[in-house]
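Listed below are the residues making up each chain.
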Amino acid sequence: MKPITLALAGVLGFATPLAWAGNADLDAKFKELVDRSFKTTGIAQKERMIQLDFQKLCSALEAGEKVDPKKIEELRQAQEQTIRWPSDGKFLGNWKEGEKIAQSGRGLTWTDNPDTVNGGGCYNCHQMDQKELSYGNIGPSLSGYGKLRGNSEEVLKYAWRQIWNSKSFNLCSSMPRFGDAGILTEQQIKDVMGYLFDPESPVNKNHK
Amino acid sequence: MFKKQVLAVSLIAAVWNITSFGAFAANDEDARLKAIEAYRKQIADGNPSDLLAMEGEELWRTPYGPKNQSLERCDLGLGPGVVKGAAAKLPRYFPDTGKVEDLESRLMTCMEQLQGVERQKVIDSPWRKGEKLRMDKIVAYIVTESNGEKIEVDMSHPKMKEMYELGKRMFFYRTGPFDFSCATCHGKDGQRIRLQELPNITKQEGAAAGWGSWPAYRVSNSQFWTMQMRLNDCFRQQRTAEPIYGSDATIALSVYMAANGNGGVMLTPGIKR
(Lines give C-alpha, C1' and ligand atoms only; values in the text may rest on other atoms or scores of the structure.)
Protein backbone atom coordinates (compact mmCIF):
# COMPACT_ATOMS: atom_id res chain seq x y z
CA MET A 1 0.00 0.00 0.00
CA LYS A 2 1.05 3.52 -0.72
CA PRO A 3 2.43 5.06 2.43
CA ILE A 4 0.09 7.62 3.88
CA THR A 5 2.07 10.74 4.51
CA LEU A 6 0.59 13.78 6.08
CA ALA A 7 1.32 17.12 4.53
CA LEU A 8 2.67 18.57 7.73
CA ALA A 9 6.13 19.33 6.48
CA GLY A 10 6.97 22.98 6.59
CA VAL A 11 4.21 23.85 9.00
CA LEU A 12 5.90 25.57 11.88
CA GLY A 13 4.55 27.68 14.58
CA PHE A 14 2.96 27.85 17.91
CA ALA A 15 -0.51 27.53 19.24
CA THR A 16 -2.76 30.31 18.06
CA PRO A 17 -6.52 30.23 17.93
CA LEU A 18 -8.14 29.73 14.54
CA ALA A 19 -8.27 33.48 14.00
CA TRP A 20 -5.80 35.35 11.82
CA ALA A 21 -2.80 36.90 13.56
CA GLY A 22 -4.98 37.78 16.50
CA ASN A 23 -6.54 40.81 14.83
CA ALA A 24 -10.09 40.79 16.18
CA ASP A 25 -10.95 44.14 14.57
CA LEU A 26 -10.15 42.96 11.05
CA ASP A 27 -11.79 39.60 11.77
CA ALA A 28 -15.04 41.36 12.58
CA LYS A 29 -14.80 43.60 9.52
CA PHE A 30 -14.16 40.61 7.31
CA LYS A 31 -17.17 38.78 8.68
CA GLU A 32 -19.41 41.78 7.98
CA LEU A 33 -17.94 42.15 4.50
CA VAL A 34 -18.75 38.54 3.62
CA ASP A 35 -22.21 38.88 5.11
CA ARG A 36 -23.18 41.93 3.03
CA SER A 37 -21.45 40.82 -0.19
CA PHE A 38 -23.10 37.48 -0.98
CA LYS A 39 -26.64 36.32 -1.66
CA THR A 40 -28.53 33.11 -2.29
CA THR A 41 -29.03 32.39 -5.99
CA GLY A 42 -30.84 29.20 -7.01
CA ILE A 43 -29.33 26.20 -5.26
CA ALA A 44 -26.25 28.18 -4.08
CA GLN A 45 -27.41 29.22 -0.60
CA LYS A 46 -25.81 32.12 1.21
CA GLU A 47 -24.99 29.64 4.00
CA ARG A 48 -22.23 28.32 1.77
CA MET A 49 -20.17 31.30 2.93
CA ILE A 50 -19.96 29.89 6.46
CA GLN A 51 -16.63 28.12 6.82
CA LEU A 52 -16.18 24.65 8.27
CA ASP A 53 -13.49 24.35 10.95
CA PHE A 54 -10.89 22.81 8.65
CA GLN A 55 -11.65 25.23 5.80
CA LYS A 56 -10.94 28.07 8.19
CA LEU A 57 -7.70 26.58 9.40
CA CYS A 58 -6.51 25.81 5.85
CA SER A 59 -7.30 29.36 4.71
CA ALA A 60 -5.10 30.76 7.47
CA LEU A 61 -2.34 28.25 6.74
CA GLU A 62 -2.37 28.92 3.00
CA ALA A 63 -2.31 32.69 3.52
CA GLY A 64 0.90 32.23 5.49
CA GLU A 65 -0.45 32.52 9.02
CA LYS A 66 1.09 30.41 11.74
CA VAL A 67 -1.07 27.43 12.58
CA ASP A 68 -0.64 24.87 15.32
CA PRO A 69 0.35 21.52 13.72
CA LYS A 70 -1.43 19.69 16.54
CA LYS A 71 -4.66 21.38 15.50
CA ILE A 72 -4.11 20.26 11.91
CA GLU A 73 -3.65 16.67 13.01
CA GLU A 74 -6.69 16.86 15.28
CA LEU A 75 -8.93 18.08 12.45
CA ARG A 76 -7.50 15.53 10.02
CA GLN A 77 -8.37 12.74 12.42
CA ALA A 78 -11.91 14.06 12.59
CA GLN A 79 -12.08 13.81 8.79
CA GLU A 80 -11.14 10.12 9.05
CA GLN A 81 -14.33 9.56 10.98
CA THR A 82 -16.38 10.58 7.94
CA ILE A 83 -15.25 7.70 5.70
CA ARG A 84 -17.98 5.31 4.68
CA TRP A 85 -17.09 2.15 2.83
CA PRO A 86 -19.30 0.72 0.06
CA SER A 87 -22.42 -0.71 1.71
CA ASP A 88 -22.23 -4.02 -0.21
CA GLY A 89 -18.44 -4.31 0.09
CA LYS A 90 -17.97 -3.86 -3.68
CA PHE A 91 -15.56 -1.09 -4.66
CA LEU A 92 -15.74 -1.25 -8.43
CA GLY A 93 -18.62 -0.16 -10.68
CA ASN A 94 -19.02 0.42 -14.39
CA TRP A 95 -16.00 2.15 -15.93
CA LYS A 96 -18.04 3.51 -18.85
CA GLU A 97 -20.27 5.40 -16.43
CA GLY A 98 -17.17 6.38 -14.52
CA GLU A 99 -15.67 7.97 -17.61
CA LYS A 100 -18.70 10.23 -18.02
CA ILE A 101 -18.45 11.28 -14.38
CA ALA A 102 -14.72 11.97 -14.69
CA GLN A 103 -15.34 14.11 -17.79
CA SER A 104 -18.28 16.09 -16.43
CA GLY A 105 -17.58 19.21 -14.41
CA ARG A 106 -21.25 19.99 -13.89
CA GLY A 107 -23.19 20.58 -10.73
CA LEU A 108 -23.65 22.66 -7.58
CA THR A 109 -23.28 26.09 -9.18
CA TRP A 110 -26.06 28.68 -9.03
CA THR A 111 -26.73 28.09 -12.73
CA ASP A 112 -27.40 24.38 -12.11
CA ASN A 113 -30.79 23.18 -10.94
CA PRO A 114 -31.61 20.75 -8.13
CA ASP A 115 -31.77 17.76 -10.46
CA THR A 116 -28.54 18.41 -12.34
CA VAL A 117 -26.49 15.21 -12.13
CA ASN A 118 -23.19 16.23 -10.56
CA GLY A 119 -19.95 15.33 -12.27
CA GLY A 120 -16.58 14.68 -10.63
CA GLY A 121 -14.62 17.04 -12.87
CA CYS A 122 -11.62 14.75 -12.40
CA TYR A 123 -10.11 15.86 -15.73
CA ASN A 124 -10.06 19.44 -14.48
CA CYS A 125 -7.18 18.40 -12.25
CA HIS A 126 -5.88 14.96 -13.34
CA GLN A 127 -4.54 13.21 -16.40
CA MET A 128 -6.41 9.87 -16.70
CA ASP A 129 -6.89 8.33 -20.18
CA GLN A 130 -3.70 9.29 -22.02
CA LYS A 131 -5.70 9.81 -25.21
CA GLU A 132 -7.64 12.65 -23.59
CA LEU A 133 -5.39 15.63 -24.15
CA SER A 134 -7.47 18.17 -22.25
CA TYR A 135 -6.56 17.59 -18.64
CA GLY A 136 -5.49 19.81 -15.77
CA ASN A 137 -2.49 19.46 -13.48
CA ILE A 138 -3.63 20.50 -10.02
CA GLY A 139 -3.56 16.81 -9.04
CA PRO A 140 -1.08 14.06 -10.08
CA SER A 141 -1.50 11.95 -13.22
CA LEU A 142 -3.77 8.96 -12.66
CA SER A 143 -2.95 7.34 -16.02
CA GLY A 144 -2.52 3.56 -15.61
CA TYR A 145 -3.75 3.77 -12.02
CA GLY A 146 -4.92 0.15 -11.66
CA LYS A 147 -2.30 -1.25 -14.01
CA LEU A 148 0.50 0.24 -11.92
CA ARG A 149 -0.88 -0.48 -8.46
CA GLY A 150 -2.91 -3.66 -8.84
CA ASN A 151 -6.23 -4.04 -7.06
CA SER A 152 -5.48 -5.39 -3.62
CA GLU A 153 -8.00 -4.45 -0.95
CA GLU A 154 -5.47 -2.02 0.53
CA VAL A 155 -5.06 -0.18 -2.77
CA LEU A 156 -8.81 -0.09 -3.38
CA LYS A 157 -9.44 1.22 0.10
CA TYR A 158 -6.79 3.89 -0.29
CA ALA A 159 -8.30 5.22 -3.53
CA TRP A 160 -11.84 5.02 -2.15
CA ARG A 161 -10.84 6.99 0.91
CA GLN A 162 -9.04 9.61 -1.19
CA ILE A 163 -12.15 10.11 -3.30
CA TRP A 164 -14.61 9.93 -0.38
CA ASN A 165 -12.66 12.45 1.68
CA SER A 166 -9.21 13.56 0.53
CA LYS A 167 -8.98 15.65 3.71
CA SER A 168 -8.69 12.47 5.76
CA PHE A 169 -5.14 12.14 4.39
CA ASN A 170 -4.14 15.72 3.72
CA LEU A 171 -6.31 18.20 5.61
CA CYS A 172 -5.70 21.02 3.15
CA SER A 173 -5.89 18.97 -0.05
CA SER A 174 -7.17 20.85 -3.11
CA MET A 175 -9.37 17.87 -4.01
CA PRO A 176 -13.05 18.09 -3.06
CA ARG A 177 -14.58 15.59 -0.60
CA PHE A 178 -16.70 13.81 -3.19
CA GLY A 179 -18.38 11.36 -0.81
CA ASP A 180 -18.37 13.29 2.44
CA ALA A 181 -19.69 16.54 0.91
CA GLY A 182 -22.34 14.65 -1.06
CA ILE A 183 -20.98 15.71 -4.46
CA LEU A 184 -21.10 12.16 -5.86
CA THR A 185 -23.31 9.25 -4.82
CA GLU A 186 -21.87 5.96 -3.61
CA GLN A 187 -22.72 4.42 -7.00
CA GLN A 188 -20.97 7.23 -8.88
CA ILE A 189 -17.84 6.75 -6.77
CA LYS A 190 -17.91 3.03 -7.55
CA ASP A 191 -18.14 3.83 -11.26
CA VAL A 192 -15.22 6.26 -11.06
CA MET A 193 -13.28 3.58 -9.16
CA GLY A 194 -14.08 1.20 -12.04
CA TYR A 195 -12.66 3.79 -14.42
CA LEU A 196 -9.42 3.89 -12.39
CA PHE A 197 -9.04 0.11 -11.86
CA ASP A 198 -10.80 -1.90 -14.59
CA PRO A 199 -8.18 -3.40 -16.97
CA GLU A 200 -10.59 -2.59 -19.86
CA SER A 201 -10.79 1.07 -18.88
CA PRO A 202 -8.88 3.47 -21.16
CA VAL A 203 -7.11 4.74 -18.05
CA ASN A 204 -5.25 1.40 -18.03
CA LYS A 205 -5.61 0.23 -21.66
CA ASN A 206 -4.11 3.39 -23.12
CA HIS A 207 -1.37 3.75 -20.54
CA LYS A 208 2.11 3.65 -22.02
CA MET B 1 -2.88 47.95 22.17
CA PHE B 2 0.46 46.34 21.47
CA LYS B 3 -0.95 43.85 18.99
CA LYS B 4 -2.48 46.56 16.85
CA GLN B 5 0.85 48.34 16.60
CA VAL B 6 2.59 45.19 15.50
CA LEU B 7 -0.03 44.67 12.84
CA ALA B 8 0.31 48.24 11.66
CA VAL B 9 4.03 47.74 11.21
CA SER B 10 3.58 44.50 9.32
CA LEU B 11 0.94 46.16 7.16
CA ILE B 12 3.38 48.88 6.23
CA ALA B 13 5.98 46.23 5.48
CA ALA B 14 3.52 44.37 3.27
CA VAL B 15 2.53 47.50 1.44
CA TRP B 16 6.16 48.47 1.06
CA ASN B 17 6.79 45.16 -0.67
CA ILE B 18 3.92 45.77 -3.00
CA THR B 19 4.88 49.26 -4.01
CA SER B 20 8.65 48.87 -4.11
CA PHE B 21 8.87 47.41 -7.57
CA GLY B 22 11.08 50.33 -8.48
CA ALA B 23 13.94 48.08 -7.47
CA PHE B 24 13.17 45.81 -10.39
CA ALA B 25 12.52 48.59 -12.85
CA ALA B 26 14.73 47.14 -15.58
CA ASN B 27 13.10 43.70 -15.48
CA ASP B 28 9.69 45.29 -15.23
CA GLU B 29 10.29 47.36 -18.31
CA ASP B 30 11.41 44.23 -20.18
CA ALA B 31 8.33 42.28 -19.17
CA ARG B 32 6.19 45.30 -20.00
CA LEU B 33 7.57 45.59 -23.51
CA LYS B 34 7.24 41.86 -24.15
CA ALA B 35 3.63 41.85 -23.00
CA ILE B 36 2.79 44.85 -25.17
CA GLU B 37 4.42 43.16 -28.16
CA ALA B 38 2.36 39.98 -27.69
CA TYR B 39 -0.80 42.02 -27.32
CA ARG B 40 -0.08 44.05 -30.47
CA LYS B 41 0.17 40.84 -32.46
CA GLN B 42 -3.17 39.68 -31.08
CA ILE B 43 -5.01 42.83 -32.03
CA ALA B 44 -3.38 43.26 -35.44
CA ASP B 45 -6.74 42.41 -37.00
CA GLY B 46 -8.60 44.81 -34.73
CA ASN B 47 -9.83 44.35 -31.20
CA PRO B 48 -13.40 43.04 -31.20
CA SER B 49 -14.13 45.42 -28.29
CA ASP B 50 -13.51 48.51 -30.45
CA LEU B 51 -17.11 48.89 -31.52
CA LEU B 52 -18.32 48.56 -27.94
CA ALA B 53 -15.80 51.17 -26.81
CA MET B 54 -17.01 53.60 -29.47
CA GLU B 55 -20.60 53.13 -28.38
CA GLY B 56 -19.44 53.59 -24.79
CA GLU B 57 -17.80 56.90 -25.57
CA GLU B 58 -21.05 58.05 -27.10
CA LEU B 59 -22.98 56.96 -23.99
CA TRP B 60 -20.48 58.76 -21.76
CA ARG B 61 -21.20 62.04 -23.56
CA THR B 62 -24.96 61.66 -23.98
CA PRO B 63 -27.44 62.98 -21.37
CA TYR B 64 -29.35 60.15 -19.68
CA GLY B 65 -31.41 59.25 -16.61
CA PRO B 66 -33.98 61.19 -14.53
CA LYS B 67 -31.59 64.16 -14.34
CA ASN B 68 -30.86 64.03 -18.06
CA GLN B 69 -27.12 64.56 -17.62
CA SER B 70 -24.07 63.06 -19.31
CA LEU B 71 -21.20 61.40 -17.40
CA GLU B 72 -18.70 63.98 -18.60
CA ARG B 73 -18.27 65.41 -15.10
CA CYS B 74 -17.69 61.97 -13.54
CA ASP B 75 -14.49 61.87 -11.47
CA LEU B 76 -12.74 58.52 -11.89
CA GLY B 77 -9.95 59.66 -9.60
CA LEU B 78 -7.94 61.97 -11.84
CA GLY B 79 -10.44 64.83 -11.75
CA PRO B 80 -13.89 65.41 -13.29
CA GLY B 81 -14.05 64.18 -16.87
CA VAL B 82 -10.52 62.76 -17.01
CA VAL B 83 -10.70 59.29 -18.59
CA LYS B 84 -7.22 58.81 -20.02
CA GLY B 85 -5.21 56.53 -17.68
CA ALA B 86 -7.91 56.47 -15.00
CA ALA B 87 -8.65 52.72 -15.09
CA ALA B 88 -4.98 51.84 -14.55
CA LYS B 89 -5.16 53.54 -11.14
CA LEU B 90 -8.35 51.84 -9.94
CA PRO B 91 -9.51 50.71 -7.45
CA ARG B 92 -8.83 53.76 -5.29
CA TYR B 93 -10.07 55.58 -2.23
CA PHE B 94 -12.55 58.35 -3.07
CA PRO B 95 -12.90 61.07 -0.43
CA ASP B 96 -16.34 62.14 -1.69
CA THR B 97 -17.92 58.78 -0.89
CA GLY B 98 -15.43 57.83 1.82
CA LYS B 99 -15.12 54.46 0.09
CA VAL B 100 -12.76 52.37 -1.96
CA GLU B 101 -14.35 51.88 -5.38
CA ASP B 102 -13.45 49.86 -8.46
CA LEU B 103 -14.33 51.00 -11.97
CA GLU B 104 -17.85 49.62 -11.99
CA SER B 105 -18.83 50.72 -8.49
CA ARG B 106 -17.39 54.20 -9.20
CA LEU B 107 -19.42 54.41 -12.39
CA MET B 108 -22.53 53.46 -10.41
CA THR B 109 -21.73 56.33 -8.04
CA CYS B 110 -21.43 58.74 -10.98
CA MET B 111 -24.62 57.44 -12.61
CA GLU B 112 -26.47 57.92 -9.34
CA GLN B 113 -25.06 61.35 -8.47
CA LEU B 114 -24.99 62.93 -11.94
CA GLN B 115 -27.78 61.16 -13.77
CA GLY B 116 -30.08 60.06 -10.95
CA VAL B 117 -29.88 56.41 -12.04
CA GLU B 118 -30.46 54.29 -8.96
CA ARG B 119 -27.56 52.07 -8.06
CA GLN B 120 -29.87 49.17 -7.33
CA LYS B 121 -31.24 49.34 -10.86
CA VAL B 122 -27.77 48.64 -12.25
CA ILE B 123 -27.11 45.94 -9.65
CA ASP B 124 -30.41 44.18 -10.39
CA SER B 125 -30.05 44.30 -14.18
CA PRO B 126 -29.26 40.93 -15.82
CA TRP B 127 -25.82 40.56 -17.44
CA ARG B 128 -25.39 42.14 -20.87
CA LYS B 129 -28.87 43.68 -20.87
CA GLY B 130 -30.39 47.03 -19.93
CA GLU B 131 -28.29 49.02 -17.47
CA LYS B 132 -25.54 46.36 -17.45
CA LEU B 133 -25.21 46.55 -21.24
CA ARG B 134 -24.79 50.34 -20.94
CA MET B 135 -22.22 49.69 -18.21
CA ASP B 136 -20.32 47.18 -20.41
CA LYS B 137 -20.02 49.74 -23.20
CA ILE B 138 -18.92 52.57 -20.92
CA VAL B 139 -16.38 50.25 -19.24
CA ALA B 140 -15.04 49.21 -22.66
CA TYR B 141 -14.51 52.89 -23.51
CA ILE B 142 -12.80 53.75 -20.24
CA VAL B 143 -10.41 50.79 -20.16
CA THR B 144 -9.46 51.34 -23.81
CA GLU B 145 -8.25 54.76 -22.65
CA SER B 146 -5.87 53.00 -20.21
CA ASN B 147 -4.51 50.50 -22.67
CA GLY B 148 -0.72 50.29 -22.35
CA GLU B 149 -0.64 52.28 -19.11
CA LYS B 150 1.22 51.09 -16.04
CA ILE B 151 -0.89 49.52 -13.30
CA GLU B 152 -0.43 52.09 -10.55
CA VAL B 153 -2.75 51.62 -7.61
CA ASP B 154 -2.15 54.11 -4.81
CA MET B 155 -1.91 52.12 -1.60
CA SER B 156 -1.15 55.03 0.73
CA HIS B 157 -4.65 55.55 2.19
CA PRO B 158 -5.41 53.43 5.29
CA LYS B 159 -8.71 52.31 3.75
CA MET B 160 -6.80 50.90 0.77
CA LYS B 161 -4.52 49.02 3.13
CA GLU B 162 -7.51 47.66 4.97
CA MET B 163 -9.23 46.63 1.73
CA TYR B 164 -6.02 44.88 0.67
CA GLU B 165 -5.99 42.83 3.86
CA LEU B 166 -9.70 42.03 3.50
CA GLY B 167 -9.14 41.09 -0.15
CA LYS B 168 -6.30 38.81 0.82
CA ARG B 169 -8.58 37.03 3.27
CA MET B 170 -11.23 36.69 0.60
CA PHE B 171 -8.64 35.28 -1.79
CA PHE B 172 -7.68 32.53 0.65
CA TYR B 173 -11.21 31.97 1.97
CA ARG B 174 -12.04 28.32 1.47
CA THR B 175 -15.72 27.62 1.62
CA GLY B 176 -18.65 25.82 0.02
CA PRO B 177 -19.15 22.17 -0.98
CA PHE B 178 -15.85 21.99 -2.94
CA ASP B 179 -13.71 23.57 -0.15
CA PHE B 180 -12.12 25.85 -2.80
CA SER B 181 -10.66 29.32 -2.43
CA CYS B 182 -9.34 31.55 -5.21
CA ALA B 183 -5.91 30.27 -4.15
CA THR B 184 -6.88 26.66 -4.97
CA CYS B 185 -6.79 27.63 -8.65
CA HIS B 186 -4.67 30.81 -8.64
CA GLY B 187 -2.18 30.26 -5.80
CA LYS B 188 0.64 28.34 -7.49
CA ASP B 189 2.76 28.70 -10.60
CA GLY B 190 1.99 26.64 -13.69
CA GLN B 191 -1.45 25.36 -12.67
CA ARG B 192 -4.05 24.37 -15.24
CA ILE B 193 -7.75 23.50 -15.17
CA ARG B 194 -8.09 21.25 -18.22
CA LEU B 195 -5.95 23.17 -20.76
CA GLN B 196 -6.75 26.57 -19.31
CA GLU B 197 -3.67 28.12 -17.74
CA LEU B 198 -4.25 29.88 -14.44
CA PRO B 199 -2.14 32.87 -13.42
CA ASN B 200 -0.61 32.80 -9.94
CA ILE B 201 -2.30 35.91 -8.59
CA THR B 202 -0.32 35.86 -5.33
CA LYS B 203 2.74 36.99 -7.33
CA GLN B 204 3.37 40.24 -9.19
CA GLU B 205 3.75 38.67 -12.61
CA GLY B 206 0.58 36.58 -12.44
CA ALA B 207 -1.44 39.34 -10.82
CA ALA B 208 -0.36 41.82 -13.50
CA ALA B 209 -1.23 39.34 -16.26
CA GLY B 210 -4.56 38.33 -14.72
CA TRP B 211 -5.72 41.73 -13.50
CA GLY B 212 -4.22 43.75 -16.36
CA SER B 213 -5.89 41.81 -19.17
CA TRP B 214 -9.48 42.27 -17.98
CA PRO B 215 -12.07 43.48 -18.92
CA ALA B 216 -11.78 41.29 -21.99
CA TYR B 217 -13.53 40.06 -25.07
CA ARG B 218 -14.09 36.30 -24.97
CA VAL B 219 -13.82 34.92 -28.47
CA SER B 220 -15.35 31.52 -27.51
CA ASN B 221 -18.74 33.06 -26.79
CA SER B 222 -18.36 36.46 -28.50
CA GLN B 223 -18.98 38.27 -25.22
CA PHE B 224 -17.37 41.27 -23.55
CA TRP B 225 -16.82 40.62 -19.85
CA THR B 226 -16.09 43.28 -17.24
CA MET B 227 -13.99 42.42 -14.18
CA GLN B 228 -17.16 42.10 -12.08
CA MET B 229 -18.39 39.46 -14.51
CA ARG B 230 -15.01 37.66 -14.46
CA LEU B 231 -15.10 37.50 -10.67
CA ASN B 232 -18.72 36.40 -10.66
CA ASP B 233 -17.91 33.46 -12.92
CA CYS B 234 -14.88 32.42 -10.86
CA PHE B 235 -17.04 32.40 -7.72
CA ARG B 236 -19.55 30.31 -9.64
CA GLN B 237 -16.86 27.76 -10.52
CA GLN B 238 -15.76 27.88 -6.91
CA ARG B 239 -19.29 26.84 -5.85
CA THR B 240 -19.78 29.65 -3.37
CA ALA B 241 -22.92 31.73 -2.98
CA GLU B 242 -23.22 34.52 -5.57
CA PRO B 243 -21.31 37.76 -4.94
CA ILE B 244 -23.49 40.86 -5.23
CA TYR B 245 -22.53 43.11 -8.17
CA GLY B 246 -20.10 45.78 -7.01
CA SER B 247 -20.05 44.41 -3.44
CA ASP B 248 -17.16 45.09 -1.09
CA ALA B 249 -15.92 41.49 -1.37
CA THR B 250 -15.38 41.98 -5.10
CA ILE B 251 -13.79 45.40 -4.57
CA ALA B 252 -11.48 44.05 -1.84
CA LEU B 253 -10.40 41.21 -4.15
CA SER B 254 -9.79 43.74 -6.89
CA VAL B 255 -7.59 45.82 -4.59
CA TYR B 256 -5.64 42.67 -3.67
CA MET B 257 -5.12 41.70 -7.31
CA ALA B 258 -4.40 45.19 -8.68
CA ALA B 259 -1.96 46.04 -5.88
CA ASN B 260 -0.15 42.72 -6.34
CA GLY B 261 0.08 43.57 -10.05
CA ASN B 262 1.36 47.11 -9.51
CA GLY B 263 4.06 48.01 -12.04
CA GLY B 264 2.61 45.68 -14.67
CA VAL B 265 0.86 46.86 -17.77
CA MET B 266 -2.82 47.28 -18.66
CA LEU B 267 -3.62 45.50 -21.91
CA THR B 268 -7.27 46.36 -21.98
CA PRO B 269 -9.65 45.32 -23.25
CA GLY B 270 -7.97 41.90 -23.34
CA ILE B 271 -8.75 39.16 -25.84
CA LYS B 272 -9.41 35.71 -24.40
CA ARG B 273 -10.17 32.31 -25.83
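Note that the structure is predicted; figures quoted are calculated from it, not measured.

**Student:** How would you explain helix α7 (residues 158-171) of chain B if you had to name every residue and give the values?
**Tutor:** The end-to-end C-alpha distance of α7(B), which contains 14 residues, comes to 20 Å, matching closely the 20 Å that a straight helix rising 1.5 Å per residue would cover. Taken together, the buried positions of α7(B) are B:Met160, B:Met163, B:Tyr164, B:Glu165, B:Leu166, B:Gly167, B:Arg169, B:Met170 and B:Phe171.

**Student:** Which residues make up the state of the cysteines, and what are the values?
**Tutor:** Under the counting rule described, the total for this entry stands at two disulfides over all chains. Disulfide pairing is shown between A:Cys58 and A:Cys172; the S-S distance is 2.0 Å. Residues A:Cys58 and A:Cys172 are joined by a disulfide whose S-S torsion is about -85°; by sign, that bridge is left-handed. Pair noted here: A:Cys58 is in helix α2 (residues 53-62) and A:Cys172 is in the loop between α7 (153-164) and α8 (186-197), with a separation of 114 residues, a long-range link. The disulfide partner of B:Cys74 is B:Cys110, and the S-S distance across this bridge is 2.1 Å. Its S-S torsion of approximately 75° makes the covalent link between B:Cys74 and B:Cys110 right-handed.

**Student:** Kindly report on the packing of α2(A) against helix α3 (residues 69-80) of chain A, identifying the contributing residues and their values.
**Tutor:** Residues and elements named next belong to chain A. Contact geometry of α2 with α3 gives a least axis separation of 10 Å together with a crossing angle of 145°. For the pair α2 and α3, the sense of crossing is left-handed. Residue-level inspection shows Asp-53, Phe-54, Leu-57 and Leu-61 of α2 in contact with α3, the latter providing Lys-71, Ile-72, Leu-75 and Gln-79. A per-class count over the contact of α2 with α3 returns five nonpolar, one polar and two charged.

**Student:** A description of the sheet that holds strand β8 (residues 270-272) of chain B should follow, citing residues and the corresponding values.
**Tutor:** All names here are of chain B. Strand order in the open sheet made by the three strands is β6-β5-β8, with mixed pairing throughout. Taken across any chain shown, the strands that pair with only one partner, and hence form the sheet edges, are β6 (223-225) and β8. For this sheet the average axis-to-axis angle between neighbouring strands, irrespective of direction, equals 30°. With three bridges joining them, strand β5 (residues 216-218) and β6 adopt antiparallel strand pairing.

**Student:** Which residues make up the domain arrangement of chain A, and what values go with them?
**Tutor:** All names here are of chain A. The assigned domain composition of chain A is domain 1 (3-67) and domain 2 (95-205). Every contact between the two is made by 15 residues of domain 1 and, on the other side, 14 residues of domain 2. Taken together, both faces of the contact between domain 1 and domain 2 bury some 1,100 Å²; the carbon and sulfur share is 72%. If you look at where domain 1 meets domain 2, you find zero salt bridges. Seen at the junction of domain 1 and domain 2, the total is one residue pair in polar contact (both at pLDDT 80 or more).

**Student:** Break down the domain arrangement of chain B for me, citing the residues and quoting the values.
**Tutor:** All names here are of chain B. Its domain assignment divides chain B into domain 1 (2-46 + 150-272) and domain 2 (49-144). Between domain 1 and domain 2 the total buried area reaches about 2,400 Å² when both faces are included, carbon and sulfur atoms providing 66% of it. Counting the surface domain 1 buries against domain 2, the share from its top three residues, Phe-224, Tyr-245 and Ile-251, is 28%. Our enumeration of links across domain 1 and domain 2 arrives at one salt bridge. With a closest N to O distance of 3.6 Å, Lys-89 and Glu-152 form a salt bridge. Our enumeration of links across domain 1 and domain 2 arrives at eight residue pairs in polar contact (both at pLDDT 80 or more). For the side of domain 1 that touches domain 2, the secondary structure elements donating two or more residues are α7, β6, α10 (227-238) and α11 (248-260). Its residues assigned to classes, the side of domain 1 that touches domain 2 shows 18 nonpolar, eight polar and three charged.

**Student:** Give me the packing of aromatic side chains: which residues, what numbers.
**Tutor:** By the definition in use, this model includes 14 aromatic pairs over all chains. Ring centres of A:Trp85 and A:Phe91 lie 6.4 Å apart, and the angle between their planes is 70°; this geometry places the pair in the edge-to-face category. Its relative accessible area of 10% is what places A:Phe91 among the buried residues. The interplanar angle of 80° and the centroid separation of 5.7 Å between the aromatic rings of A:Phe91 and A:Trp160 together place this pair among those described as edge-to-face. With a gap of 69 residues between them, A:Phe91 in the loop between α3 and α4 (95-103) and A:Trp160 in helix α7 connect regions that are remote in the sequence. When sorted by exposure, A:Phe91 lands in the same class as A:Trp160, which is buried. The structure contains a cluster of three or more aromatic residues connected by ring pairs, namely A:Trp85, A:Phe91, A:Trp160 and A:Trp164. One residue, B:Arg134, lies across the ring of B:Tyr64, its end atom 3.2 Å from the ring centre. Lying over the aromatic face of B:Trp214, B:Arg230 brings its terminal NZ or CZ to 5.0 Å of the ring centre.

**Student:** Which residues make up the nonpolar core, and what values do they have?
**Tutor:** Within the largest apolar cluster, 77 residues are counted, with the highest numbers of intra-cluster contacts made by B:Trp60, B:Leu107, B:Ile142 and B:Met170. Tallying contributions element by element places α11(B) first for this core, with nine residues. Residues contacting B:Met170, with those up to four places away along its chain left out, are A:Phe30, A:Leu33, A:Val34, A:Phe38, A:Met49, B:Cys182, B:Phe235, B:Ala249 and B:Leu253. Of all hydrophobic cores here, the second largest spans 32 residues; its members include A:Tyr123, A:Tyr158, A:Trp164 and A:Phe169.

**Student:** How would you sum up the packing of helix α9 (residues 204-212) of chain B against α11(B)? Please name residues and give values.
**Tutor:** For any two helices packed against each other, one specifies the crossing angle of their axes together with the interaxial distance. Residue and element names in this part refer to chain B. Running from N to C, α9 and α11 cross one another at 120°; their axes reach a closest spacing of 7 Å. Classified by the angle between their axes, α9 and α11 sit oblique to one another. At the point where α9 passes α11, the crossing takes the left-handed sense. Of the residues in α11, those touching α9 at Gln-204, Ala-207 and Trp-211 are Ser-254, Met-257, Ala-258 and Asn-260.

**Student:** Could you give an account of the side chain of A:Lys190, naming the residues involved and the relevant values?
**Tutor:** For A:Lys190, the position within the fold is in helix α8. With near-sequence residues (within four places) excluded, A:Lys190 lies in contact with A:Pro86, A:Asp88, A:Lys90, A:Phe91, A:Leu92, A:Gly93 and A:Trp160.

Analysis parameters
- Residues numbered from 1 in each chain as written.
- Chains lettered and ligands numbered in written order.
- Predicted model: local features only at pLDDT ≥ 70, side-chain atom pairs only at ≥ 80, totals over all residues.
- Heavy atoms only, no water.
- Helix = DSSP H or I, 4+ residues; strand = E, 2+ residues; numbered from the N terminus.
- Expected span 1.5 Å × (residues − 1).
- Buried < 20%, exposed > 50% of the residue type's maximum accessible area, 1.4 Å probe, protein only.
- Disulfide = S-S within 2.5 Å.
- Axes fitted to C-alpha atoms, helices over the stretch in contact; angles between N-to-C directions.
- Left-handed = near helix turned anticlockwise from the far one by under 90°.
- Contact = heavy atoms within 4.5 Å.
- Nonpolar A, V, L, I, M, F, W, Y, C, P; charged D, E, K, R; others polar.
- Pairing = 2+ DSSP bridges.
- Domains from an automatic or database assignment.
- Buried area = accessible area lost by both parts, 1.4 Å probe.
- Salt bridge = Lys/Arg side-chain N within 4 Å of Asp/Glu carboxyl O.
- Polar contact = N/O pair within 3.5 Å; in protein donor to acceptor, adjacent residues only side chain to side chain.
- Phe/Tyr/Trp six-rings, centres within 6.5 Å; stacked < 30°, edge-to-face > 60°.
- Lys NZ or Arg CZ within 6 Å of the ring centre and 35° of its normal.
- Core = buried A, V, L, I, M, F, W, Y, C linked by side-chain atoms within 4.5 Å.
- Parallel < 35°, antiparallel > 145°, perpendicular 65-115°, else oblique.

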